[in-house]
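# Notes for the structure review
Residues per chain, in single letters:
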Amino acid sequence: MDLRAGDSWGMLACLCTVLWHLPAVPALNRTGDPGPGPSIQKTYDLTRYLEHQLRSLAGTYLNYLGPPFNEPDFNPPRLGAETLPRATVNLEVWRSLNDKLRLTQNYEAYSHLLCYLRGLNRQAATAELRHSLAHFCTSLQGLLGSIAGVMAALGYPLPQPLPGIEPTWAPGPAHSDFLQKMDDFWLLKELQTWLWRSAKDFNRLKKKMQPPAAAVTLHLEAHGF
Amino acid sequence: MAFFAVFRTAFLLAVLSWRTCQSEVLPERLPLTPESLHISINSTLQHLHLQWTVHKLPYQELQMIFQIEISRFETSKVIWMGNYSTTVKRNQVLQWSWESELPLECATHFVRMKSTVDDARFPELSFSSNWSPWEEVHAHTPEQNTDLIFPRDKLVEEGSNVTFCYNSGINQNISCYLDRELIHGEQLYLNIFTFKLNNVPFIREGGTNIYCAVNYTIKDGTVLFVSKVLEEPKDFSCETQDFKTLSCSWDPGVDTGLFFDGQPSQHYTLFESFSGKKKFCEHNNQCNWEISRDLQETYNFTLTAENYLRKRSVNTIFNLTHRVHPKAPDSIHFNNVGATNATMTWKMPALGNYSTLLCQIELHDKENMRQEHNVSIKVNGEFLFSELMPDTAYMVCIRCANAKHVWKWSKWVTRTLITAEAAPSKALDVWRKVKPEKGLHHVTLFWKPLSKFHANGKILFYNIVAKDLDKKSELKLQSIPAPANGTELTLDQGSYQIQVTANNSVGASPASEIVISGDSGNEEVEEQKINGTKDGFLISWKPLSEDRAGYVVDWCEHQRNLHCELQWKNVGPNTTSTVISSDAFRPGIRYNFRIYELSTEKIAYLVENKIGYTQELAPSDSPQVKAINVTSHSFTLSWKDYDTEAQRGFIQGYRVCLKSKATQCHLDSVAELLPDNSTCCEHAINNPKQKIFLVENLQPESFYEFFVSSFTSAGKSPIGTFTKVTTQDEHSHMLMHIILPMVLCVLLIAVMCYWKSQWVKEKCYPDIPDPYKSSILSLIKSKESPHLRIMNVKDCTPDTIEVVNKSEGTKTQFIGIEKPLTESEFPKPANLYLLPAQDFCVPGPCISFVNHTYSESACDSGSCAHTPVPDTAPPCHLELLASPDNLLNTLEKTHTDSLGEIPAGKISLNYVSQLASPMSGDKDSLLIHSPVPVLCSEYKMQMAVPSCLDSPVLSENGSLSSMTLLGQDKHYH
């Protein structure tokens, strides 16, 4: 870069501006509790990681189920999967959710999905599949704990589990293996949708929790130098 | 009794005849008709399970045949008819199953049956009953509204045939698929379709999906699980390592585990018939069985593999002592390890004293197995190794088995045994090289290191002891640390016996002796050429004496290296030839073999000296040749110091290749085509010692190129750069004969001239006579004429200075003035006039400085006519002449001002004195001393000589040139 005669004065002025604004930068101005921001960010990161992990797991599991479950445009009726918590919600409704409700829905959904997943793990035929499912369950348990941490940081109570609603996937006389496969399919699909939704939820929360002063940006134009 | 029997028969006949008559009137069932028919369905097995009874059985039991009909969809559509024969007891509930190929859920089935007494004991009862009424049966399908396809989640073995059916219901556009493929079913009845899969393969653990969809919306599906066929366990065997546990193992074959109702892979059960004990095995390939304390001797095991579809068993029976597989020996130690023996001890774990063990011990060295031993032990073992080699690492391997019945050996256990060192067992192989110098013997000793077999340990040092045989004194010279393979000694020219020993930590080897005599190293024998092959050299020699201890042939392995790696070979006393071979021999390397005869006193005498190559090669380089004695018709080629020994073969001669313009070669040469397609005339020299060659019959003043190459039996050296030679001119020597004397003559004349220069000067350029020394003075004095006197130049004032034209070179003359003229050095003439020299014979712009005083007198004499210079002419001041440049410039200016027609630059100054200096030849004094006014009538007038005298051609404006400057130039009189 070509520094001209007045450039050093420009740099000095910029430096002074930066120093002047330093007390206003929250990261440098914190003295005590960092607040829920970091735990929200951590939860968001964990959500993205689980998305990635599920992509691999679902590929393996759907191949194990065989066609048509591993076909890209397969969309079976929900049938027995009606009990799964639905992630899809009307956009306006989603926008109108307050933080507590948003977090509560996430927590409840993953609590249920985790139970279903553990049932899935018990039925898996191959050791490799069982290992992958167990690993994912552990990660999902971590996400659940992370959401609980955010809720605690914000002062929200954890939802109480309803007694007697422990979902099981043991095939009964009314349940055929094919229908079970369809339920498994919906479980993985719903899990994926929930992870997408959670990423948006936590991203929204993250932005909301950031103080406005944190948005101070310093434009150092190269031309000014 | 007989009466009773007859009565009973008559009664029955009466009853039957009455029944028959009655049936004709009333449709009443015949007796023994199957009743209470109950049909159940096992969907998994696709079985129709029939249960019925036969009432009023006349006897306790009867052999009966039941004829069964099964219809599907409608009673009229009978799909199966068959008989079931059995012994029927009174009040017995009869059972029979029928396996349907089609899933039972696909259709309503109807079953009926009738019976026939088929009992030889009661031939009178041999008639058929009526058909039972049709019993309708539906498969129990709780989700009858949603389930469309059957069978549900069926498990079959690989290779089975499976029939599926689906109910299209009211959906006319239903499509069913097997994984991705559309199924084309066969219509069985109204909306019931069926399709059959034959010889189904295993595809995946998750099963094969069969599903039906309407408008691409899945309505129902089922999964067909195909299991691999359960294999019979292979290689089933049991063994014990400790008489506490029997370990049974087998090869299970393929895993038939499937994701079907959480069904695990096949499981295995072990059953022992003598004890009646059974054990479920935790693993698929092995199972442990506890041995009872009473040590049951014989075992009969049945291993059963079982999965959802199949069961397979294998059996083995054995005696426990025949299935002993000992653990590997442990606690192995070596004790009392010596140079040739060692003791090994070990223990056998866990077997106790139940059996005798046979242990196998192997002793290996680096190469191969040396010893093998079998030892019987109970628990502790001990074995003594002997005949071992000192300082040797052995690998000892040991394993054990039951001595009475070898079932399986234990694993090998390996330990390393290193024996102790012993003194070296063999004398060194020693040889020497002797170099006499200045009354001393420089002896280089060489020895070959002892092999590991003979060293018996690590050689630490070598001792060299020299004994003076003449003085009988012993002198221990050196102890050389290993590793070394030689040393140097300096001895006087006496006879010495040298002993060399190798020493390790235990002791010394036997001494190796060699004697250096006073003549050693001075022997000279003629070299003989030998031919080698790639396999080596065959060397033979003639014995020197009868009494000899043997021969030694030595040579340098790398002849060209400065450091000779001396090699030698010992040959027996009765042998006069040997083959020397070595991997180090290379083609094109000269090897020198010296054969020594060893006397019984260990003195070596040189017998023969042989040189040779394993393979001769063409020389790598050519001699450096100089051309000497070049004449007009010949020149001589000479090469010296050409290292023929460094060549890659025996030099057999040389080839002189001569290139010239001549197209024909001389008779003693042949034309040779060169690589660049040019030709040369090649002269052959077949004497390798000849290193000079005369090239004759050449043309004078001609250009020749030559190249000399050497050759061996393998070819000649490569052609290099040709050297160029030009022969001399034929007459050049004549010219030399003429020119040289001429030059000498000229030189002689020059010397003579120099020597006689004074004489020549006097003759050619005599000195101007000095009036004071003139003889006339004496004459005058004698006459004492008062009017006659000598004019002193000092008294004269120069009257005329002439400036004349001069072409060139005047400037250099100015520069040549060592002492610049200054004003003070000049006399101060009152007037200087520039006078045109019109009074001279040659017209031109001659300018002269005129001394008026003298001029007047001269004019008076009428010998000269000067035109006076007008007074208006600017005077010249001498100060302007302070420097040569100024002088020149001034003159130029002055001259130009006065005579504008004279070109500038062509004017120079001539100073002309009319009078000779009275100081006799002191030319400088002309300027230094003021002229003394004297009468000048008696003297010749001196003047500047017009340049026309020098130059024969003079134009009108041509300048008069004079070389005069301060009296150093020519003066004309």
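What you see is a predicted model, and the numbers here were worked out from it, not measured in a lab. (Residues numbered from 1 in each chain as written. Chains lettered and ligands numbered in written order. Predicted model: local features only at pLDDT ≥ 70, side-chain atom pairs only at ≥ 80, totals over all residues. Heavy atoms only, no water.)

### A closer look at the overall build of chain A
On a plain count of helices and strands, chain A comes out with 7 helices and 0 strands. Each helix (α) and strand (β) of chain A, taken in turn from the N terminus, gives the series α-α-α-α-α-α-α. Counting all 225 residues of chain A, 40% fall into the buried class. Only carbon and sulfur atoms are counted for the fraction: they give 60% of the accessible area of chain A, which is about 12,600 Å². (Helix = DSSP H or I, 4+ residues; strand = E, 2+ residues; numbered from the N terminus. Buried < 20%, exposed > 50% of the residue type's maximum accessible area, 1.4 Å probe, protein only. Areas by Shrake-Rupley, 256 points an atom, 1.4 Å probe, with all protein chains shown as cover.)

### Some details on the state of the cysteines
Residues and elements named next belong to chain B. Under the counting rule described, the total for this entry stands at 6 disulfides over all chains. Residue pairing for cysteine 359: its cysteine sulfur links by disulfide to cysteine 400, the two sulfurs lying 2.0 Å apart. On the sign convention where negative means left-handed, the S-S torsion of about 100° between cysteine 359 and cysteine 400 marks this disulfide as right-handed. Linking cysteine 359 in strand β26 (residues 357-364) with cysteine 400 in strand β29 (residues 393-402), this pair joins segments that are 41 residues apart in sequence. The burial state of cysteine 359 is the same as that of cysteine 400; both residues are buried. (Disulfide = S-S within 2.5 Å.)

### Description of the pattern of salt bridges
Proximity of charged atoms lets side chains of opposite charge pair with each other. If you walk through the whole model with that rule in mind, you get 24 salt bridges over all chains. One salt bridge in this structure joins glutamate 190 of chain A and arginine 78 of chain A, with 2.8 Å as the shortest N-O distance. Note that glutamate 190 of chain A is positioned in helix α7 (residues 177-209) and arginine 78 of chain A in the loop between α3 (37-65) and α4 (91-96), a separation of 112 residues in sequence. Looking at glutamate 190 of chain A, the relative accessible area reads 3%, which means it is buried. For aspartate 201 of chain A, the salt bridge goes to arginine 197 of chain A, with nearest N and O atoms at 3.5 Å. With aspartate 201 of chain A and arginine 197 of chain A both in helix α7, this residue pair falls 4 residues apart, about one helical turn. Of the residues examined, aspartate 201 of chain A reaches a relative accessible area of 0% and is grouped as buried. In this structure, a network of salt bridges that share partners links the residues Arg655, Glu672, Glu682 and Lys716 of chain B. (Salt bridge = Lys/Arg side-chain N within 4 Å of Asp/Glu carboxyl O.)

### Re the sheet that holds strand β14 (residues 192-197) of chain B
Residues and elements named next belong to chain B. An order of β8-β10-β14-β13 is seen for the 4 strands of this open sheet, with the pairing classed as antiparallel. Edge positions in the sheet fall to β8 (149-150) and β13 (186-189), since each of these pairs with one other strand and no more. Where β8 lies against strand β10 (residues 162-167), 2 bridges are found, and the strand directions are antiparallel. Counted as the bridge partner of phenylalanine 150 is cysteine 165 from β10. (Pairing = 2+ DSSP bridges.)

### Regarding the UniProt feature "transmembrane region" (unreviewed entry) in chain B
Per the UniProt annotation, the sites labelled "transmembrane region" (unreviewed entry) are residues 734-755 of chain B. Secondary structure content for residues 734-755 of chain B is 100% helix and 0% strand, and the end C-alpha separation is 32 Å. (UniProt positions renumbered as here; feature names shortened; annotations may be inferred.)

### Digging into the nonpolar core
Judged by nonpolar contacts, the single largest core of 57 residues is most densely connected at Tyr110, Leu117, Phe136 and Leu140 of chain A. The set of elements that each furnish at least two residues to this core consists of α3, α5 (99-123), α6 (127-154) and α7 of chain A together with β15 (208-214) and β16 (217-227) of chain B. If you tally residues by element for this core, the top one is α7 of chain A, at 13 residues. In terms of nonpolar packing, the next biggest core, distinct from the first, is built from 42 residues, Phe243, Val324, Ile398 and Val413 of chain B among them. (Core = buried A, V, L, I, M, F, W, Y, C linked by side-chain atoms within 4.5 Å.)

### A closer look at unusual backbone geometry
Residues and elements named next belong to chain B. The amide bond that connects phenylalanine 150 to the next residue, proline 151, takes the cis arrangement and shows omega of 0°. Note that proline 151 resides in the loop between β8 and β9 (155-157). Omega for the bond connecting alanine 482 with proline 483 falls within 30 degrees of zero, at 0°, which places this linkage in the cis form. Looking at the secondary structure, you find proline 483 in the loop between β34 (473-481) and β35 (486-492). Phi is positive for aspartate 391, which is not a glycine, with a value near 45°.

### Concerning the interface of chain A and chain B
Contacts between the two partners involve 21 residues from chain A, matched on the other side by 22 residues from chain B. Here chain A and chain B share an interface that buries about 1,700 Å² over both sides, 60% of which is from carbon and sulfur atoms. It is Pro67, Asp177 and Phe178 of chain A in chain A that bury the most area against chain B; as a group they hold 35% of the surface buried on that side. Across the contact surface, chain A and chain B share 1 salt bridge. One salt bridge connects glutamate 71 of chain A with arginine 180 of chain B, and the closest N-O pair in it is separated by 2.9 Å. Seen at the junction of chain A and chain B, the total is 7 residue pairs in polar contact (both at pLDDT 80 or more). Elements with a contribution of two residues or more to the side of chain A that touches chain B: α3 and α7 of chain A. Broken down by element, the residue count for the side of chain A that touches chain B peaks at 4 residues, all from α7 of chain A. When its residues are assigned to classes, the side of chain A that touches chain B shows 12 nonpolar, 6 polar and 3 charged. (Contact = heavy atoms within 4.5 Å. Buried area = accessible area lost by both parts, 1.4 Å probe. Polar contact = N/O pair within 3.5 Å; in protein donor to acceptor, adjacent residues only side chain to side chain. Nonpolar A, V, L, I, M, F, W, Y, C, P; charged D, E, K, R; others polar.)

### Considering α7 of chain A
For α7 of chain A, with 33 residues, the first-to-last C-alpha span of 47 Å sits near the 48 Å given by 1.5 Å per residue. When you tally the buried positions in α7 of chain A, you get 24 out of 33 residues, the bulk of the element. (Expected span 1.5 Å × (residues − 1).)

### A look at the packing of aromatic side chains
Tallied over the entire structure, the rule returns 41 aromatic pairs over all chains. Between tyrosine 59 of chain B and phenylalanine 122 of chain B, the ring centres sit 3.6 Å apart and the planes meet at 15°, which makes this aromatic pair stacked. Residue tyrosine 59 of chain B is located in the loop between β2 (47-54) and β3 (61-72), and its partner phenylalanine 122 of chain B is located in the loop between β6 (109-117) and β7 (135-137); the two are separated by 63 residues in the primary sequence. Measuring from centroid to centroid gives 4.1 Å for phenylalanine 73 of chain B and tyrosine 189 of chain B, while their planes differ by 15°, and the two rings are stacked. A residue pair is termed long-range when its members are at least 10 positions apart, and phenylalanine 73 of chain B in the loop between β3 and β4 (78-89) and tyrosine 189 of chain B in strand β13 qualify at 116 residues. Every member of this aromatic cluster is reached through a ring pair, and the members are Phe69, Phe74, Phe178, Phe185 and Trp186 of chain A together with Tyr177 and Tyr211 of chain B. In this structure, arginine 204 of chain A is placed above the aromatic ring of tryptophan 94 of chain A, and the distance from its NZ or CZ to the ring centre is 5.1 Å. (Phe/Tyr/Trp six-rings, centres within 6.5 Å; stacked < 30°, edge-to-face > 60°. Lys NZ or Arg CZ within 6 Å of the ring centre and 35° of its normal.)

### Topic: the packing of α3 of chain A against α6 of chain A
All names here are of chain A. As a packed pair, α3 and α6 sit with axes 10 Å apart at the nearest point and diverge in direction by 160°. Considering the angle they form, α3 stands roughly antiparallel to α6. Of the two elements, α3 crosses α6, and the hand of that crossing is left-handed. (Axes fitted to C-alpha atoms, helices over the stretch in contact; angles between N-to-C directions. Parallel < 35°, antiparallel > 145°, perpendicular 65-115°, else oblique. Left-handed = near helix turned anticlockwise from the far one by under 90°.)

### Considerations on the confidence of the model for chain B
All names here are of chain B. Averaged over chain B, the pLDDT score is 76; the fraction of residues at 70 or greater is 73%. Here residues 1-29 is a poorly scored stretch, pLDDT under 50, and it has 8 contacts once near neighbours within four places are set aside; other chains count. Per-residue pLDDT stays below 50 along residues 807-973; that stretch engages in 278 contacts with residues further than four places along the chain or on separate chains. The complex prediction reports pTM at 0.52, with the ipTM value standing at 0.74. (pLDDT = per-residue confidence, 0-100.)

### With respect to the sheet that holds strand β44 (residues 604-613) of chain B
By way of backbone hydrogen bonds, the strands of a sheet pair with one another, either parallel or antiparallel. All names here are of chain B. In space, the 5 strands of this open sheet follow the order β38-β44-β43-β40-β41, with mixed pairing throughout. Each edge of the open sheet is held by one strand with a lone partner, namely β38 (527-531) and β41 (566-571). Along the sheet, successive strands turn relative to each other by an average axial angle of 25°, direction set aside.

### A short note on the confidence of the model for chain A
Residue and element names in this part refer to chain A. Of the residues in chain A, 72% have a pLDDT of 70 or more, and the chain-wide mean is 77. Summarising per-element confidence for chain A, the mean pLDDT is lowest in helix α2 (residues 26-29) (42) and highest in α6 (92). Across residues 1-10 the pLDDT falls below 50, and counting only partners more than four positions away or on other chains, this stretch makes 9 contacts in the model. In this model, residues 14-31 is a region of pLDDT below 50 whose contacts with residues beyond four sequence positions or in other chains number 7 contacts.

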